[in-house]
Amino acid sequence: MTLLMSFPFLSIAQHKSHSRYQGEVDFLALADLGAEKASGTNVEFVNGIRFNRNLFTGIGLGISAVLGEEYPSIPLFWNFKGYVPMRHKMDMLIGVNIGTKLDPDRSINKALLLRPEWGIHFQSQRNFGIDLALIFERFTCWTKPSGDHSSRYIGLYSLGFRFGIHF
């Protein structure tokens, strides 16, 4: 597993650098694993640099609608992906998003978003590809319920699926 995780880093020395812009549009469906019942959907946009066939990093921004919530939250995160070649135009991807979720009604503060992902990347043309990934989302924060002056710590754990389009 350690060798698999380190492959994208080791590949830097093996490949000529062909850095280029890569944009993504991602659609996520999440199912809550805990008692909070925070299942929902996300639409996210990521802009970054594809360093070579094996490495990508970017900044993401999106909108997250949770079932039963009045206002959507806004995920803001740093995205890192490593790609392990499996076949011509098909790679296994291992990635992580680290960031926060901004809340329009300001009931959430000190929030941390951690989202590892594993999946398959299909490259159809040089500047177009599709990702299918399984994701695990851990979101922890301090929240202040409306009308209440005390705050409480919550941890939300979700399992989901991500469909992404690269351009």
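Residues numbered from 1 in each chain as written. Predicted model: local features only at pLDDT ≥ 70, side-chain atom pairs only at ≥ 80, totals over all residues. Heavy atoms only, no water.

Go over the pairing of strand β1 (residues 20-32), please, and point to the residues and values.
Bridge count between β1 and strand β2 (residues 40-52): eleven bridges; the pairing is antiparallel. Paired with Gln-22 across the bridge in β2 is Gly-48. Note: β1 against strand β8 (residues 152-166), nine bridges, orientation antiparallel. By the bridge assignment, Val-25 is partnered in β8 with Ile-165. (Pairing = 2+ DSSP bridges. Helix = DSSP H or I, 4+ residues; strand = E, 2+ residues; numbered from the N terminus.)

So, the pairing of strand β6 (residues 108-125): which residues are in play, and what are the values?
Strand direction decides the pairing type here: strand β5 (residues 90-102) and β6, joined by ten bridges, are antiparallel. Each residue of the ladder has a partner; that of Gly-99, found in β6, is Leu-113. As judged from the 13 bridges shared by β6 and strand β7 (residues 128-143), these two strands associate in the antiparallel manner. For Trp-118, the partnering residue across the bridge sits in β7 and is Leu-134. In this structure, the hairpin formed by β6 and β7 is closed by a connection of two residues.

Any details on the packing of aromatic side chains? Residues and values, ideally.
Counted according to the given criterion, the structure contains three aromatic pairs. A ring pair is formed by Trp-78 and Phe-80, whose centres lie 6.0 Å apart and whose planes are at 25°; its orientation type is stacked. Directly above the aromatic system of Tyr-83 lies the positively charged group of Arg-50, at a separation of 4.0 Å from the ring centroid. (Phe/Tyr/Trp six-rings, centres within 6.5 Å; stacked < 30°, edge-to-face > 60°. Lys NZ or Arg CZ within 6 Å of the ring centre and 35° of its normal.)

Without other data, these values stay purely geometric and don't point to any function.
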